[in-house]
Structures are given as C-alpha cells and as structure tokens.
Amino acid sequence: MSSPETGPADAGILPVVAPRLRALRRRAALTLEAAARAAGLSPAHLSRLETGQRQPSLPMLLALARVYGTTVSELLGETVTERDAVVRAADMEPTSAGGWTYWQAGSPGRGMQALRVHVPHGSQGDIVRVHPGEEWLYVLTGRLRLRLGDTTHRLAPGDSAHFDSLTPHRIAAQDPDGVELLFVHTLLQSPTATLCLGPTHGETS
C-alpha cells in the first residue's frame, strides 16, 4: 500500500509545491542542511520534497512556512486577492464554532489572524489545545480562566496573555455572562487549517 505522502492518489495534488519550496529556501538564504534542521527534517527528505519525489504533509508545510517566514498559502502557490487594510464593524459577520462566537477582526489569509471572540460560561472549558504558532489575547469584558501547562491564570478586563501555542492551553469563562476577548494567533493558513476555536481532532480533555 502506498504511504499517505507518496501514493499515486496524491500525484498532482500539489504540483507547484516542489519548485516553490526550493525557491523560498533560496530566498531565505538557507542551505538545504540548515533549512532541514530548522524544520525537523533530514536533508535527504527535504531534497525529495524539493524535487517532487515526496509530497509534504500539513505539519511539514507548517514547519517549512515558519522557517521561511511565509504562509502555507504561499507555499501552495495560492493567489490571494488584494485585501483592505481596514475591517469595518458592519462587515464583521458573527460565526459560531463549538459554542464560541467570533468575528473576523483582520483580513483572512495572512500570517496573523485577528478575532473578537465571545466565550460563553461552561463552553469547552475542559478542552486542551496544542498546535503550532503563537497566541495573544486581551480581555475586553468578563473574567477569563487561562490554563498554560500546569499553571492556571485568572485574567480580568484589561489583562492580556502572549504564549507559544505548543504549550498545552485551555480557555474558560468564569462569569455567567461569559468573556469577550481580542484574540490574535499565528496559526498559518491553508485549505485544511482551521481556527483555534471549537473541538478539533487530536484534542484531549
């Protein structure tokens, strides 16, 4: 049976990735060995990715995008339409995910994703998240319970937190009316990446 990365069913799915990986590595002025080491790959594996002999998985794309200072969208060769720098309140449509409500507060498809989030009381307070990137949050209203690793923090309006998203983290509202946050994260965008909201595969309680 073919592996998920090299099977015939994957052929042609990412036709532009191989040359773009090499071009972006050269743009970053990195040797094959240095780029592979930073991404946690072997030089031979990265070489096969750059020559199209292997298809990268999403974790590999995330790692390489971070090393090259770009997004997964650019690695995939996606053309992004010109985006406005300003997001008007009237254009922020609420969306629900796993009991949370969020409003896009920035342009989609960028390296950072900015959101205004309402977390209801008792919603997903037992879900632990771990994923690549960084997160920054600022409490607008209500009180937040934030667990980072083995430490629990209680944040009031005006408090903020900035942490590595690979640290196991858990967010919950302390007040019956919930908590409202400004939320920025650097989870790199791709067609298969999702917001750090709502239950996702691999989460544990």
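Provided above is the structure to which this section pertains.
Computed from a predicted structure; not experimentally measured.

Q: Is there a simple way to think about the overall build of the chain in this case?
A: Each helix and strand in the chain was counted, giving five helices and nine strands. Starting at the N terminus and walking to the C terminus, you meet the elements of the chain as α-α-α-α-α-β-β-β-β-β-β-β-β-β. Expressed as a percentage of its 205 residues, the buried residues of the chain come to 38%. Counting contacts in the chain only where the partners sit at least 6 residues apart, residues at least 24 apart contribute 66% of the total. With the model as given, the accessible surface of the chain reaches about 11,100 Å², and the carbon-plus-sulfur share is 53%.

Q: Is there a simple way to think about the sheet that holds strand β4 (residues 134-141) in this case?
A: In any sheet, the strands associate via hydrogen bonds between backbone groups, in a parallel or an antiparallel arrangement. Strand order across the open sheet formed by six strands is β1-β2-β3-β9-β4-β7, with antiparallel pairing between neighbours. Strands at the two margins of the open sheet, each flanked by one partner only, are β1 (95-97) and β7 (160-164). The average angle at which neighbouring strand axes cross in this sheet is 25°, direction not considered. Inspection of the sheet shows strand β2 (residues 100-104) paired to strand β3 (residues 113-119) by four bridges, in the antiparallel sense. Residue Thr 101 lies in a different strand from β3, and its bridge partner there is His 118.

Q: Is there a simple way to think about the pattern of salt bridges in this case?
A: Any two side chains of opposite charge can pair, given that their charged atoms come close. Per the counting criterion, the structure on display carries four salt bridges. Notably, a salt bridge pairs Arg 116 with Glu 180, separated by 2.8 Å at the nearest N-O pair. Taken together, the positions of Arg 116 in strand β3 and Glu 180 in strand β9 (residues 179-185) put the pair 64 residues apart, joining distant regions of the chain. The partly exposed category is assigned to Arg 116, whose relative accessible area is 25%. Classification of Glu 180 by relative accessible area gives buried; the value is 19%.

Q: Sorry, what's going on with the pairing of strand β5 (residues 144-148) here?
A: Two faces belong to every sheet, and in a regular strand the side chains alternate between them. Here β5 shows a clear split, with Leu 144, Leu 146 and Leu 148 buried on one side and none of Arg 145 and Arg 147 buried on the other. Note that β5 and strand β6 (residues 151-155) share five bridges and pair antiparallel. Across the sheet, the residue bridging to Arg 147 is Thr 152, located in β6. Across five bridges, the pairing between β5 and strand β8 (residues 169-173) is antiparallel. Bridging from a neighbouring strand, Leu 144 pairs with Ala 173 of β8.

Q: I'm lost on unusual backbone geometry in this one. Help?
A: Leaving glycine aside, a negative phi is the common case for residues, and trans is the common case for peptide bonds. Of note in the backbone geometry, Ala 29 takes a positive phi value of approximately 60° without being a glycine. Note that Ala 29 resides in the loop between α1 (17-27) and α2 (32-39). With relative accessibility at 68%, the residue Ala 29 sits in the exposed group.

Q: Before we go on, may I ask you to explain α2 in this structure?
A: Count 3.6 residues to each turn of an α-helix, and residues three or four apart come out pointing the same way. If you check which residues of α2 are buried, you get Leu 32, Ala 35, Ala 36 and Ala 39. Taken down its axis, α2 places every buried residue within 100° of arc, on the same side. Residues Arg 37 and Ala 38 are exposed on α2 and point more than 90 degrees away from its buried face. Looking at the buried side of α2, the elements it contacts are α1, α3 (43-50) and α4 (58-68). Looking one or two residues past α2, Gly 40 carries a phi angle of roughly 75°, positive in sign.

Procedures and definitions
- Residues numbered from 1 in each chain as written.
- Predicted model: local features only at pLDDT ≥ 70, side-chain atom pairs only at ≥ 80, totals over all residues.
- Heavy atoms only, no water.
- Helix = DSSP H or I, 4+ residues; strand = E, 2+ residues; numbered from the N terminus.
- Buried < 20%, exposed > 50% of the residue type's maximum accessible area, 1.4 Å probe, protein only.
- Contact = heavy atoms within 4.5 Å.
- Areas by Shrake-Rupley, 256 points an atom, 1.4 Å probe, with all protein chains shown as cover.
- Pairing = 2+ DSSP bridges.
- Axes fitted to C-alpha atoms, helices over the stretch in contact; angles between N-to-C directions.
- Salt bridge = Lys/Arg side-chain N within 4 Å of Asp/Glu carboxyl O.
- Arc of directions from axis to C-beta.

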